[in-house]
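Coordinate inspection notes
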Amino acid sequence: MGKIIHSMSSIRGLRPSISHYFLINLEDFVEKNNLCYFKEMKTLYKFKDLDEVKNGFKKYGRLISTPLGSYVEIDNAIILLSTSADDIGGLYLHIEFFYNSDITIENIEKRIMKDHASHECKEVITRIDWQFMGGDGLDSVSIFEINTTEIHDEAYPYLVGGIDNYIKKFLASEETILIMIGPAGTGKTKLIKYLMRYMAKMLEDKVKIEANRDEFYEDGVNETFVASYSSSQEAYRNDEFFIDFIRSSSELLILEDIDYNLRSRSDENPFMHKLLNASDGIIELKKKKIIITTNLESEQKTDSALLRPGRTFDVLKTKYLNFEEAQILATKLNITFDIKKSDNKYSLAEIYNNRAQLSNNNISFNYTVN
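Just so we're clear, the structure is a prediction, and the values are computed from it rather than from any experiment.

1. A short note on the nonpolar core
- Among the nonpolar cores identified, the biggest contains 40 residues, and Tyr156, Ile163, Leu195, Phe225, Leu252, Ile291 and Ile351 are the most heavily contacted of them.
- Contributing elements (two or more residues each) for this core: helix H6 (163-172), strand S9 (177-181), helix H7 (188-212), strand S10 (225-229), strand S11 (252-255), helix H11 (323-332) and helix H12 (348-352).
- If you tally residues by element for this core, the top one is H7, at nine residues.
- In contact with Ile163, other than residues within four places in its own chain, are Ile151, His152, Asp153, Tyr156, Leu191 and Tyr194.

2. Focus: H6
- Along H6, the positions that sit buried rather than exposed are Ile163, Tyr166, Ile167, Phe170 and Leu171. With its buried residues spanning 125° around the axis, H6 presents them on a single face. Across H6 from its buried face, at more than 90 degrees, point the exposed residues Lys168, Lys169 and Ala172.

3. Some details on the environment of Lys32
- Among the structural elements, Lys32 can be located in helix H3 (residues 27-32).
- C-alpha of Lys32 to C-alpha of Asn76: the two residues are 44 residues apart in sequence and 9.8 Å apart in space.

4. Looking at the pattern of salt bridges
- Taken as a whole and judged by the stated rule, the model has 11 salt bridges.
- A salt bridge links Arg127 to Glu40; the shortest N-O distance between them is 2.8 Å. Of this pair, Arg127 sits in strand S7 (residues 125-134) while Glu40 sits in strand S1 (residues 37-40), placing them 87 residues apart in sequence. Each member of the pair, Arg127 as well as Glu40, carries the same accessibility label: buried.
- The salt bridge involving Arg111 is made with Asp115; its shortest N-O contact spans 3.8 Å. On the criterion of helical spacing, the pair formed by Arg111 and Asp115 is a turn pair, its members being four residues apart in helix H5 (residues 105-115).
- We classify Arg111 as partly exposed; its relative accessible area is 40%.
- Its relative accessible area of 34% is what places Asp115 among the partly exposed residues.

5. Observations regarding the sheet that holds S9
- One open sheet accounts for seven strands, arranged S8-S7-S10-S11-S12-S9-S13; its pairing is mixed. Every interior strand has two partners, whereas the edge strands, strand S8 (137-146) and strand S13 (312-317), have only one. Across this sheet, the average inter-strand angle for adjacent strands is 20°, counted without regard to direction.
- Packed on one face of the sheet, H6 meets S9, strand S12 (289-294) and S13 and runs near 150° to S13.

6. Comments concerning the packing of aromatic side chains
- The full count for this structure, using the stated rule, is 11 aromatic pairs.
- Ring geometry for Phe38 versus Phe98: centroids 5.6 Å apart, planes at 55°, classification tilted. You can see Phe38 sitting in strand S1 and its partner Phe98 sitting in strand S6 (residues 91-99), a full 60 residues away along the chain.
- Of the aromatic side chains, those joined through ring pairs into one cluster are Tyr166, Phe170 and Phe313.

7. Some details on the environment of Tyr92
- Inspection of the secondary structure assignment puts Tyr92 in strand S6.
- Exposure remark for Tyr92: the relative accessible area of 6% places this residue in the buried category.
- For the pair formed by Tyr92 and Lys48, sequence separation is 44 residues and the distance between their alpha carbons is 9.5 Å.

8. Digging into the side chain of Arg127
- Taking the relative accessible area as the measure of exposure, Arg127 reaches 0% and is therefore buried.
- Separated by 2.9 Å, the side chains of Arg127 and Asp129 make a polar contact.

9. Quick notes on the pairing of S12
- Within S12, six of the six residues are buried, which leaves the element mostly enclosed by the surrounding structure.
- Residue alternation in S12 divides its side chains into two sets, Lys289, Ile291 and Thr293 and Ile290, Ile292 and Thr294, and both sets are buried.
- Summarising the sheet, S9 and S12 pair through five bridges and their orientation is parallel. Across the sheet, residue Met180 finds its bridge partner in S12, namely Thr293.
- The sheet contact formed by S11 and S12 spans four bridges and is parallel.

Conventions we followed
- Residues numbered from 1 in each chain as written.
- Predicted model: local features only at pLDDT ≥ 70, side-chain atom pairs only at ≥ 80, totals over all residues.
- Heavy atoms only, no water.
- Core = buried A, V, L, I, M, F, W, Y, C linked by side-chain atoms within 4.5 Å.
- Buried < 20%, exposed > 50% of the residue type's maximum accessible area, 1.4 Å probe, protein only.
- Helix = DSSP H or I, 4+ residues; strand = E, 2+ residues; numbered from the N terminus.
- Contact = heavy atoms within 4.5 Å.
- Arc of directions from axis to C-beta.
- Salt bridge = Lys/Arg side-chain N within 4 Å of Asp/Glu carboxyl O.
- Pairing = 2+ DSSP bridges.
- Axes fitted to C-alpha atoms, helices over the stretch in contact; angles between N-to-C directions.
- Phe/Tyr/Trp six-rings, centres within 6.5 Å; stacked < 30°, edge-to-face > 60°.
- Polar contact = N/O pair within 3.5 Å; in protein donor to acceptor, adjacent residues only side chain to side chain.

Below you can see the structure in the form of structure tokens.
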């Protein structure tokens, strides 16, 4: 495992989405042909099955299939083929290249796009690199999905100026971290998914501008928005976890529900040392962002160094809606919501699904739609 990570570290561009275990099969070919560049092309969608993918790509060169993935060997390059299923039936196809300076990779890419034009994906694709500790160290699996997340300002009435304005300020800021604090069901995850879609659309716009300027095929250009995610305590404690984020193409690191890890360094919390160094240490993250979510009621137990100006953009406290706010959101969603609760607290899930969890643990339904 260490050998393959070392040999791949010299490749210019982006960390591929496939498992490091798969790269072991490619090491000799990559080194022999001096494939020191990496590029990920636009996602294609959708193929009927894996056989259709293989039949469509074996004409480009020698197609090799392994239990961990498939790839095509051609002169001065390999084409990595990674597939994932959608909810309806069919496959996304994610194509990545290792290549050297003796080939003009855009010619291959243009040929693939021409041959498979009917499979071109027009939707917003987001990629999440889910990181975990494997038997040989840190590893990851990439999850691709069409991100159709929509959001309404009425769901977050405490965000003055609206959600898009808030996100725009965060992304334009010099600060790296956004902390979300609030009870479960108050919209933290939904807001993160919308933020990923927002960032993915920004990337699409940038790619279009570069294409118009004939700058599209610069080394390291990525057409898919990439976010890193982990829920593994073992991964957090590993220096490689943060090093990987800093060096990778990922623009966003998502750390969900890490209540215990936010405590002070004085409480012997090794994770906080690593997070502080990664977010505002010697190495600058530039435009990379980190989002931390917690179900804690306040930030009082959080290490003060994490909250200092210049490191954290904001501590966003997500909240339950009251009955009036719930009705305003329901009107926006074109549903009727008239369930009253004694505590006057309504989660977004209750409103979106038009049902409320009552104090006696019974579910009250209201399916009236305008």
